[in-house]
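Examining the three-dimensional arrangement
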Amino acid sequence: MSKGKQMGSSHEREVEPTRAEELRLRKYFAAHIASKVLSLLTVGATLTGCGIGGIFPRYSPPASAGSSERPRPTKTSPTSEVIIFDSESPQASASPSDQTDQLSANQKKCLELVRDAESLQRLKNELAVYAMRNIVADRQAPGGVVVVGCDTQTLVSVPFGKETYSSGAKVTEHTRYDISSSTKPFTALGIIKSAAEGNLELNRPVGDDLPEYSKGAKADISLSELLQHRAGIVDGRYSEIMNGSTDPDQIKQNIVNWPVTKSKIGKYEYSNVGFSVAGIAASHQLGEPLTEVIEKSIFEPLGMSDTTYTPEGDCAPTTSDYDSTVYECDLQDRLGRPMQGETYHTGIFTSGHDMAIFMKELANIQNGNSSIVPKSAFETMIDRSSPGYGMGFRINNKDVKTVALLSNKMSSEAFGHTGWNGTMFTYDPATSLWTVFLSNATYKQNLKPMEYRLDKFSDLRRGVNDIAVDAWEAQDR
């Protein structure tokens, strides 16, 4: 219902508002006034350079993994421009269900939160302030988008900042980002879906499709081991793998020729080369590039129209790790860039809008309602028998204190993935809560030590998840 209809007029209504309607109006205006006050405080504190830690102490980023204290944020620059969030971004709402008796406890709680306008506005403001203070003002990224949801509902969508620090376009829900390694779950899902449909064999030796894997230490390696990062492939420098070539066919050949370390087979070793081998081998089995299969069988059916391996038009730019080259709608990843849309460890450009669609489909999978892949097949991707990584998804193992930790507050059932360019998405089956975080943190980040950026940005990404968990748990108080 629009604001005008809520207020009513003598031409629209002939009766006095009911008590329930009056309460809803009071709640609406209270949330509206609180939002304006919070925005004014944020702008004033940022422009004066005094920070807002004294007013909003909880907006400091969380501590690094293993640390007992939160890192002290850099003081906000007096000249920082403040763009809180896109006022045109739609906030999804749930249609009332006549069958709430059949919903799970998490689904009922999710619907209650969707209808709580005051709590959602508070969450949206909290995320906006957190992002502007700790990410944009501290020059960790020029902008980005955060989406928080539960089950099949979007709770809030918060675009913030710009595409570049200087004069870039304002970020919206449809701004495309290079999500780097957050591509890996899509690669794995494309393979798992194809296997569930009988179009490829997951445990078939890769050597049946790639002659380079038909003998020696590589002979018994399967697609599943490659997706679990347990094939004994240790990444080298990209310059060594590429060996001076930018020809896509030659780079593919170099990738499949890359050696396997026999002593590491069966042990976890995160490998971009291994995921690339998995995609190349799956493409051989399928008889067409796996990237095309993913676009046709996942992106298109779900309506993810912003999502592609070969974007055209506008994308949030990134900067090379090796020089000052800026890439827009071209991969930041040096190994993936020449592959012309056929990359598997990286490669996807997508938006906050589309990732929200994908997260809702993860909820459908968990509920057994997916048209994309059966829950039984998907469960192999989030197998928790080995700590830290399933088959294409990171698992939230709080005992592994690394940059890969997804959340300090989500459960050990949570899964998702991170990306080098400053991206992450997480789904927690224990609560049905999910988050999306997209940014172009690598833009001009070669001007700072990358180790510092990765460690600190990992804390910032986790902070978004922790704020979402706090909002979810507040519903029980």
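Residues numbered from 1 in each chain as written. Predicted model: local features only at pLDDT ≥ 70, side-chain atom pairs only at ≥ 80, totals over all residues. Heavy atoms only, no water.

**A word on the overall build of the protein chain**
- Check the secondary structure of the protein chain and you find 13 helices and 10 strands.
- Within the protein chain, the fraction of its 477 residues that count as buried is 55%.
- When the accessible surface of the protein chain is totalled, it reaches about 20,500 Å², and 49% of it is carbon and sulfur. (Helix = DSSP H or I, 4+ residues; strand = E, 2+ residues; numbered from the N terminus. Buried < 20%, exposed > 50% of the residue type's maximum accessible area, 1.4 Å probe, protein only. Areas by Shrake-Rupley, 256 points an atom, 1.4 Å probe, with all protein chains shown as cover.)

**A few points about the state of the cysteines**
- Per the stated rule, a full pass over the model turns up 2 disulfides.
- Disulfide partner of Cys315: Cys329, at an S-S distance of 2.0 Å. Around the S-S axis, the bridge from Cys315 to Cys329 shows a dihedral of about 95° and counts as right-handed. In this pair, Cys315 sits in the loop between α10 (290-302) and β4 (318-319) while Cys329 sits in the loop between β5 (326-327) and β6 (349-350), placing the two residues 14 residues apart along the sequence. Like Cys329, Cys315 is buried.
- Here the disulfide map of the protein chain reads 1-2, 3-4, the bonded cysteines being numbered as they appear in the sequence. (Disulfide = S-S within 2.5 Å.)

**Section: unusual backbone geometry**
- Although it is not a glycine, Asp151 adopts a positive phi angle of roughly 50°.
- If you trace the backbone, Asp151 turns up in the loop between β1 (143-150) and β2 (153-161).
- Positive phi is not limited to glycine here, since Ser432 has a value of about 75°.
- The topology assignment puts Ser432 in the loop between β9 (423-428) and β10 (433-439).
- Judged by relative accessible area, Ser432 falls into the buried class, the value being 5%.

**Here's the deal with the sheet that holds β10**
- The strand order across the open sheet built from 6 strands is β2-β1-β10-β9-β8-β7, with neighbouring strands paired in antiparallel fashion. The open sheet has two edge strands with one neighbour each: β2 and β7 (394-395).
- Here β9 pairs with β10 via 5 bridges, running antiparallel. The partner of Met424 across the bridge, within β10, is Phe437. (Pairing = 2+ DSSP bridges.)

**Details of the nonpolar core**
- In this structure, Phe358 and Phe378 are the most contacted members of the largest nonpolar core, which totals 73 residues.
- In contact with Phe358, other than residues within four places in its own chain, are Phe186, Leu189, Leu302, Met304 and Phe425.
- Ranked by size, the runner-up nonpolar core spans 33 residues in total, among them Leu113, Cys150, Leu155 and Ala468. (Core = buried A, V, L, I, M, F, W, Y, C linked by side-chain atoms within 4.5 Å. Contact = heavy atoms within 4.5 Å.)

**A short note on helix α9 (residues 272-286)**
- Under the 1.5 Å per step criterion, the end-to-end length of α9 is 21 Å for 15 residues, consistent within 8% with the ideal 21 Å.
- With 14 of 15 residues buried, α9 is to be regarded as a mostly interior element.
- With a side-chain oxygen lying 3.4 Å from the backbone nitrogen of Val273, the N-terminal cap of α9 falls on Ser271. (Expected span 1.5 Å × (residues − 1). Polar contact = N/O pair within 3.5 Å; in protein donor to acceptor, adjacent residues only side chain to side chain.)

**Notes on the packing of aromatic side chains**
- For the structure on display, the rule yields 15 aromatic pairs.
- Plain terms: the ring middles of Tyr165 and Tyr443 are 6.1 Å apart, the flat faces sit at 35° to each other, and that makes the pair tilted. Of this pair, Tyr165 sits in the loop between β2 and β3 (177-178) while Tyr443 sits in the loop between β10 and α13 (450-474); the two residues are 278 residues apart in sequence, bridging distant segments of the chain.
- For Tyr165, a relative accessible area of 22% translates into the label partly exposed.
- For Tyr443, a relative accessible area of 7% corresponds to the buried category.
- Taken together through their ring pairs, the aromatic side chains of Phe186, Phe299, Tyr309, Phe358, Phe378, Phe393, Phe415, Phe425 and Tyr427 make up a single cluster.
- Seen from the ring of Tyr165, Arg139 lies directly overhead, with NZ or CZ sitting 4.1 Å from the centre.
- It is Lys184 that lies over the ring of Phe275; its NZ or CZ is 5.9 Å from the centre. (Phe/Tyr/Trp six-rings, centres within 6.5 Å; stacked < 30°, edge-to-face > 60°. Lys NZ or Arg CZ within 6 Å of the ring centre and 35° of its normal.)

**A short note on the pairing of β1**
- Within β1, 8 of the 8 residues are buried, which leaves the element mostly enclosed by the surrounding structure.
- Bridge analysis of β1 against β2 gives 8 bridges, and the strand direction is antiparallel. Among the inter-strand pairings, Gly144 is bridged to a residue of β2, identified as Phe160.
- Between β1 and the antiparallel strand that follows it, β2, lie 2 residues; Asp151 among them carries a positive phi value of about 50°.
- Sheet analysis places β1 next to β10, joined by 7 bridges and oriented antiparallel. The partner of Val145 across the bridge, within β10, is Leu438.

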